[in-house]
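# Structural overview
For reference, the chains in residue letters:
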Amino acid sequence: MSVPYIRELVDIPSPTGYTEQVIDHIASRVRSQAYLCTRTYKGSLIVSGVADPAVMVIGHIDTLGGMVSEITAGGTLRLSQLGGYPPNSFEGEYVTVITMNGKTFRGTFLVDNPAAHVNKDVKAAERIMANMHVRLDAVVHSADEVKALGIAVGDFVAFDPRPELTDTGFLKSRFIDDKACSGIMLDILLNESEALKDKKIGFYFSNYEETGNGCPAGLPDSVKDVIIADMGVVGDGVTGDETKVSICAKDSAGPYDLTLRKHLESLARANGIDHTVDVFPYYSSDGTALLRAGKDIRVGLIGPGVSASHGVERTHTAGIAATRALIMAYIHSMK
């Protein structure tokens, strides 16, 4: 079951641009296996049993987050977003501020003047970054006092994920996008080494997907086919389901490779894997970045259905299992 591997990755803060710790963790976990591990110049991790993989499964380990953009006169922090998310979905979340010297400070992400007993219009306040701040859990009342702690503009801010596995099989957590598929990949690497033996396949843990520039750099020239393992979308107007694996036919940039899509659909049907085929209207992936970079490769995209994407996310163990099963079916189908 992949959930324990997902949980261990969720617990490591990795807002996009601050991913070395989680990459180090994954590298240390697979070190006991007979894999080749290489890091791209930008810091992504490639794990493979061969030096010249023809297929690459790609998941990203960077998440949404924030960066300190201003220290206010009152001693609170303004944030610049890392990745795209509706600020209202993170209101009230606890955060960790990570300074450049490695110190950390706790705080809470709030709308300005949040006390209902002094602000009768608090409910009507527009939830945008300019109207929101981090309240530090430190006795500070001025910008100078905050700076004296070692906090500065440019420091990273990680939101708490709050993972929970319910007795009904739902995994609730922030950053299921894309710690879920990264955890599935880690699970496969640690527990399916026999199936991977002699297969020209690699696993790429991308570190800049949320900014749209994670994947094209450092991909071996031998790679011809890419399976992006990312989240499926659940919501109005799409077919996604938390208990199924989504096979993406098209996202906001255009269609994914038809031959790969047909193969993935055929494998899902032949192996009795619960799946859905979908079009994601406001979505892009590392595959999108690869295609926009003009790479001469074929790209497919799959992933478990995720409710409330880029917010208080949720998926189901059945969807996680279906995604793992489809990746394994693809591996077994390789010549």
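Structure: above.
Residues numbered from 1 in each chain as written. Predicted model: local features only at pLDDT ≥ 70, side-chain atom pairs only at ≥ 80, totals over all residues. Heavy atoms only, no water.

## Points about helix H2 (residues 20-30)
Turning to H2, its buried residues number three or more, namely Val22, Ile23, Ile26, Ala27 and Val30. Buried residues of H2, viewed axially, fall in a sector of 140°; they line one side. As for H2, its buried residues are in contact with helix H1 (3-10), strand S1 (36-39), strand S2 (45-48), helix H4 (176-191) and strand S12 (201-206). (Buried < 20%, exposed > 50% of the residue type's maximum accessible area, 1.4 Å probe, protein only. Helix = DSSP H or I, 4+ residues; strand = E, 2+ residues; numbered from the N terminus. Arc of directions from axis to C-beta. Contact = heavy atoms within 4.5 Å.)

## Brief notes about the packing of H2 against H4
One can describe the packing of H2 onto H4 by two numbers: an axis separation of 10 Å at closest approach and a directional angle of 20°. The pairing of H2 with H4 is recorded here as roughly parallel in orientation. Here the hand of the crossing between H2 and H4 comes out right-handed. Across from Ile26, Arg29 and Val30 in H2, the residues of H4 making contact are Leu186, Leu189 and Leu190. (Axes fitted to C-alpha atoms, helices over the stretch in contact; angles between N-to-C directions. Parallel < 35°, antiparallel > 145°, perpendicular 65-115°, else oblique. Left-handed = near helix turned anticlockwise from the far one by under 90°.)

## Thoughts on the environment of Val3
Its place among the elements puts Val3 in helix H1. Exposure remark for Val3: the relative accessible area of 4% places this residue in the buried category. Along the sequence, Val3 and Ile184 sit 181 residues apart, while their C-alpha atoms lie 7.9 Å from each other. Once residues lying within four places of it in the same chain are set aside, the contact partners of Val3 are Leu165, Thr317 and Ile320.

## Observations concerning the pairing of strand S3 (residues 55-60)
Counting buried residues in S3 gives 6 out of 6 residues, a clear majority hidden from the surface. Judged by which residues are buried, S3 turns out to be covered on both faces: Val55, Val57 and Gly59 on one side and Met56, Ile58 and His60 on the other are all buried. Both S3 and S12 contribute to a ladder of 6 bridges, which runs parallel. Within the sheet, the bridge partner assigned to Val55 lies in S12 and is Ile201. As defined by bridge partners, S3 adjoins strand S13 (residues 225-229) across 4 bridges and the pair is classed as parallel. (Pairing = 2+ DSSP bridges.)

## Quick word on the sheet that holds strand S11 (residues 170-172)
The strand order S10-S11-S19 describes an open sheet built from 3 strands, whose pairing is antiparallel. If you trace the sheet from one side to the other, it starts and ends with strand S10 (164-165) and strand S19 (314-316), each paired once. When S10 meets S11, the two strands line up antiparallel, connected through 2 bridges. Bridge pairing in S11 links Glu164 to Lys172. Against the sheet, helix H8 (residues 317-333) makes contact with S10, S11 and S19, and its axis sits at roughly 65° relative to S19, the strand it touches most.

## Observations concerning the layout of surface pockets
One number sums up the size of the largest pocket: a volume of about 360 Å³. Along the wall of the largest pocket there are 20 residues; nearest its centre are Met231, Val233, Tyr282, Tyr283 and Ser309. Lining of the second largest pocket is provided by 13 residues; of these, Val55, Asp225, Tyr330, Met334 and Lys335 occupy positions nearest its centre. Breaking the lining of the second largest pocket down by element, the ones donating at least two residues are helix H6 (258-270) and H8. Examining the composition of the lining of the second largest pocket, we find that 3 residues originate from one element, H6, more than from any other. (1 Å grid on protein atoms, 1.4 Å probe; cavity = no way out; pocket = protein on both sides within 12 Å on 5 of 7 lines; lining within 4 Å. Points joined across faces, edges and corners; volume = space filled by probe spheres on them.)

Functional significance is not addressed by these values, which are geometric in nature.
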